[in-house]
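A look at the structure
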Amino acid sequence: MSWGTELWDQFDNLEKHTQWGIDVLEKYIKFVKERTEIEISYAKQLRNLSKKYQPKKNSKEEEEYKYTSCKSFLATLNEMNDYAGQHEVISENMTFQITAELTRFVQELKQERKSHFHDGRKAQQYIETSWKQLEASKRRFERDCKEADRAQQYFEKMDADINVTKADVEKARQQAQIRHQMADDSKAEYSSILQKFNHEQREHYHTQIPNIFQKIQEMEERRIVRLGECMKTYAEVDRQVIPIIGKCLDGITKAAESIDQKKDSQLVIEAFKSGFEPPGDIDFEDFTQPMKRTVSESSLSNSRWDGKSEPRPGSKSKGKLWPFIKKNKGGGPEDFSNLPPEQRRKKLQQKVDELNKDIQKEMDQRDALTKMKDVYVKNPQMGDAASVDHKLAELGQNMEKLRLEAQKFEGWLAEVEGRLPVRTEQTRRQSGMYDTQNTSAVNNCAQDRESSPDGSYTEEPSQESEMKVPVTEFDDEFDDEEPLPTIGTCKALYTFEGQNEGTISVTEGEMLYVIEEDKGDGWTRIRRNEEEEGYVPTSYVEVYLDKNAKGAMTYI
């Protein structure tokens, strides 16, 4: 099966067919290009989708990803990002292995096809030229033969005419001989050209054209084979990423299987647990009895409240069940006292950890600068050691500020964890309200509880005029009619903002009077004047007790 023998006369059709074959290749190249563009666009959309649902840094949304279900979703987003990467790999491999290679092959194919058909046209032109020469020789031979016949007839006519001179007859005879000679020469030339043309025609149709058509056939078959190889590559490129895509899908499945509903439920408890006990039953108050209610130990009334102003009629004075929780307005206090105990402990612990990290960072910078300074001292040509002193001093100041800040938050953290109980009106009321032995006190308080719109509990000043707490040792300390005597003086080492009731604010360097020393709970009671007194952390002051005071000692 050869185009050279079977299609020896189909030069034009072969030219059209091979051009169609190249068009098919270019169409396939365009198809693959569009596929790569789709893959790139799909990968981009997947990446944008994954990025869109990624948690924003330093936002509430980022905190939600501590739950296993959210972690699973985050893992799904990451796997989808890798999944998108595989589609980019498909696009890249198809571009280099198919589009680029096939485009180069098409260019080579076009050049080869052009060369083959150029040779074919050249052979066609040559045989056509030979044919024209043969036809011209044939026509010339035919004309010379006719001229020779006419010359012969003219000679015979002149020879038969008696009136014609002998000279005219001789001239006609010579002319006839010349024409016969020309006819013989044209015959010989025609015979020679005919033989040559027949030889060239055999060469053309049995050798040259078959060879050219065979090359064109081989070229076309290479085109077909290359197209098939590209189609296989097209499938193979997809197949190569299937294992990785499978791993991505396995990762999503594994992430889904890692969801633990019990763990998420526990995290909800840790996130929102207030640390308070639920309120007890509310006692029935019988208002049908005209008799005056008596005061008992289990009541929230207290004899020390007698004689104080009663709430005005119609005033919206309401007792609150949770005296420590305040409504969060704006950013909230620095010590997070507006939060429930458990949440406050978490926030304080987080703040302490952040400050410790900052301190460690500053220490690392200081150590690096110290080493640099030592190098400068040993090798002055490398730099001026004095140039580092300013930075070292600045780092020292920063570290000192961070340490003071950390000590402040550690004090508050210790207070929440129970190591440093705060001696405040609130804690005294709380101790009276939540004492298990005085359940009736809790019941009387619970009837007046009211929650704020945001779900937290607030405390209003009018509470003190309605709620009466049982007598405790701390009440006696504050309610003594006679002020406690001073047992020494103290100097504030740091500034302390007394935001809770029962505490007092002091300024660094301020001198105050000590009226009660630290009893092991980390708090010292001090007085500024007759009207201002309260507790401050013992670590914030330097105490100088009088020598004649009991247990005199100095705290630093």
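The structure reproduced in this document is the subject of the present report. (Residues numbered from 1 in each chain as written. Predicted model: local features only at pLDDT ≥ 70, side-chain atom pairs only at ≥ 80, totals over all residues. Heavy atoms only, no water.)

1. Notes on the overall build of the chain
Spelled out, the test is: Here a strand is any run of E in DSSP of at least two residues, a helix any run of H or I of at least four, and the numbering for each starts at the N terminus. Burial classes: relative accessible area under 20% of the type maximum marks a residue as buried, over 50% as exposed, and values in between as partly exposed (1.4 Å probe, protein chains only). We call two residues in contact when some of their heavy atoms are within 4.5 Å. Each accessible area value is a Shrake-Rupley result obtained with a 1.4 Å probe; residue values ignore everything except the protein chains displayed when judging cover.
When helices and strands are counted, the chain shows twelve helices and five strands. When the 556 residues of the chain are sorted by exposure, 35% land in the buried category. Taking all contacts inside the chain whose residues are at least 6 apart in sequence as the whole, residues at least 24 apart take part in 76%. Split by element, the accessible area of the chain, about 34800 Å² in all, is 51% carbon and sulfur.

2. Overview of empty space enclosed by the protein
Put simply, the rule reads: Here a cavity means grid points, on a 1 Å grid over the protein atoms only, where a 1.4 Å probe fits yet cannot get out; a pocket means an open set of points with protein on both sides within 12 Å along at least five of seven lines; lining residues are those with an atom within 4 Å of a point. Grid points are joined across faces, edges and corners, and a volume is the space filled by probe spheres set on the points. Each residue gets one label: Ala, Val, Leu, Ile, Met, Phe, Trp, Tyr, Cys and Pro are nonpolar, Asp, Glu, Lys and Arg are charged, and the others, such as Gly, are polar.
Throughout the structure, instances matching the rule amount to two cavities of 30 Å³ or more. Taken as a whole, the largest cavity spans an internal volume of roughly 60 Å³. Forming the boundary of the largest cavity are eleven residues, of which Asp 335, Trp 412, Phe 496, Gln 499 and Asn 500 lie nearest the centre. Tallied by class, the residues present in the lining of the largest cavity amount to four nonpolar, four polar and three charged.

3. A word on the pattern of salt bridges
Note on pairing: side chains with opposite charge can pair once their charged atoms come close. Keep this limit in mind: Any carboxyl oxygen of Asp or Glu that lies within 4 Å of a side-chain nitrogen of Lys or Arg is treated as forming a salt bridge with it.
According to the stated counting rule, one finds 24 salt bridges in the structure shown. Of the charged contacts, one joins Arg 525 and Glu 516 as a salt bridge, the two residues approaching to 3.8 Å between their closest N and O atoms. Across the pair, exposure class does not vary: Arg 525 and Glu 516 are buried alike. Put simply, Glu 533 and Arg 527 hold a salt bridge, and the shortest N to O gap is 3.2 Å. Through salt bridges with shared partners, one network takes in Glu 516, Lys 519, Arg 525, Arg 527 and Glu 533.

4. Side note on the sheet that holds strand β2 (residues 511–516)
Using the following cut-off: By this definition, two strands are paired if DSSP reports at least two bridges between them. Orientation is described by lines fitted to C-alpha atoms, with helices fitted over the stretch in contact, and by angles between N-to-C directions that extend from 0 to 180 degrees.
Taken in spatial order, the five strands make up an open sheet running β4-β3-β2-β1-β5, and their pairing is antiparallel. Every other strand in the sheet has two partners, leaving β4 (533–537) and β5 (541–545) as the edge strands with one partner each. The sheet shows a mean angle of 40° between the axes of neighbouring strands, direction not considered. Bridge analysis of strand β1 (residues 488–492) against β5 gives five bridges, and the strand direction is antiparallel. Paired with Thr 489 across the strands is Tyr 544, a residue of β5.

5. Points about the pairing of β2
Here β1 pairs with β2 via four bridges, running antiparallel. For Cys 490, the partnering residue across the bridge sits in β2 and is Leu 512. As defined by bridge partners, β2 adjoins strand β3 (residues 523–527) across three bridges and the pair is classed as antiparallel. Looking at β3, one finds that Glu 516 is bridged to Arg 525. In sequence, β2 turns back onto β3 through a hairpin of six residues, with Gly 520 there showing a positive phi of about 100°.

6. Description of the packing of helix α2 (residues 11–52) against helix α4 (residues 68–160)
Stated precisely, the cut-off is as follows: Convention used here: angles under 35 degrees read as roughly parallel, angles over 145 as roughly antiparallel, angles from 65 to 115 as roughly perpendicular, and any remaining angle as oblique. Each crossing gets its handedness from the near helix: less than a right angle anticlockwise from the far helix is left-handed, clockwise is right-handed.
One can describe the packing of α2 onto α4 by two numbers: an axis separation of 8 Å at closest approach and a directional angle of 165°. As the angle between them shows, α2 and α4 are arranged roughly antiparallel. Crossing hand, α2 versus α4: left-handed. The class makeup of the residues in the contact of α2 with α4 is 23 nonpolar, 14 polar and ten charged.

7. Comments concerning the environment of Ser 50
For Ser 50, the location among the structural elements is in helix α2. Ser 50 sits 28 residues away from Asn 78 along the chain, and the two C-alpha atoms are 7.1 Å apart. Discounting residues that sit within four places of it in the chain, Ser 50 has contacts with Leu 77, Asn 78 and Asn 81.

8. Points about the pairing of β3
Counting buried positions along β3 gives five out of five residues, so the element sits mostly inside the fold. Taking every second residue as pointing to the same face, both faces of β3 are buried, with Trp 523, Arg 525 and Arg 527 on one and Thr 524 and Ile 526 on the other. By the bridge criterion, five bridges tie β3 to β4 in an arrangement that is antiparallel. Considered in β4, the bridge of Trp 523 is made with Pro 537. What sits between the antiparallel neighbours β3 and β4 is a turn of five residues.

9. A look at the nonpolar core
Stated precisely, the cut-off is as follows: Think of a nonpolar core as a cluster: buried Ala, Val, Leu, Ile, Met, Phe, Trp, Tyr and Cys residues, connected wherever their side-chain atoms sit within 4.5 Å.
In terms of nonpolar packing, the biggest core is built from 33 residues, with Leu 25, Tyr 28, Met 94, Ile 98, Leu 102, Phe 213 and Ile 216 touching the most fellow members. Elements with a contribution of two residues or more to this core: α2, α4 and α5 (166–257). Considering every element that reaches this core, the biggest residue donor is α5, with twelve residues.

10. Remarks on α5
Convention followed: One fewer than the residue count of a helix, multiplied by 1.5 Å, yields its expected span. Consider a residue and the seven residues that end there alongside the seven that start there; fitting an axis to each set, the bend is the angle between those axes.
Over its 92 residues, α5 extends 132 Å from the first C-alpha to the last, a length consistent with the 136 Å expected when each residue adds 1.5 Å. The principal kink in α5, of about 40°, is found at His 204.

11. Quick notes on helix α6 (residues 261–272)
So the rule is basically this: Throughout, the arc means that of the directions going from the helix axis to the C-beta atoms.
Spanning twelve residues, α6 covers 17 Å between terminal C-alpha atoms, matching the ideal 16 Å at 1.5 Å per step. Turning to α6, its buried residues are Asp 264, Leu 267 and Ala 271. Each buried residue of α6 sits inside an arc of 55° when the element is viewed along its axis, so together they form one side. Structurally, α6 contributes buried residues whose contacts are with α4 and α7 (341–378).

12. Description of the packing of α2 against α5
Close contact between α2 and α5 brings their axes to 11 Å; oriented N to C, the two are set at 15°. Judged by the angle between their axes, α2 and α5 are roughly parallel. Note that α2 runs across α5; the crossing there is left-handed.

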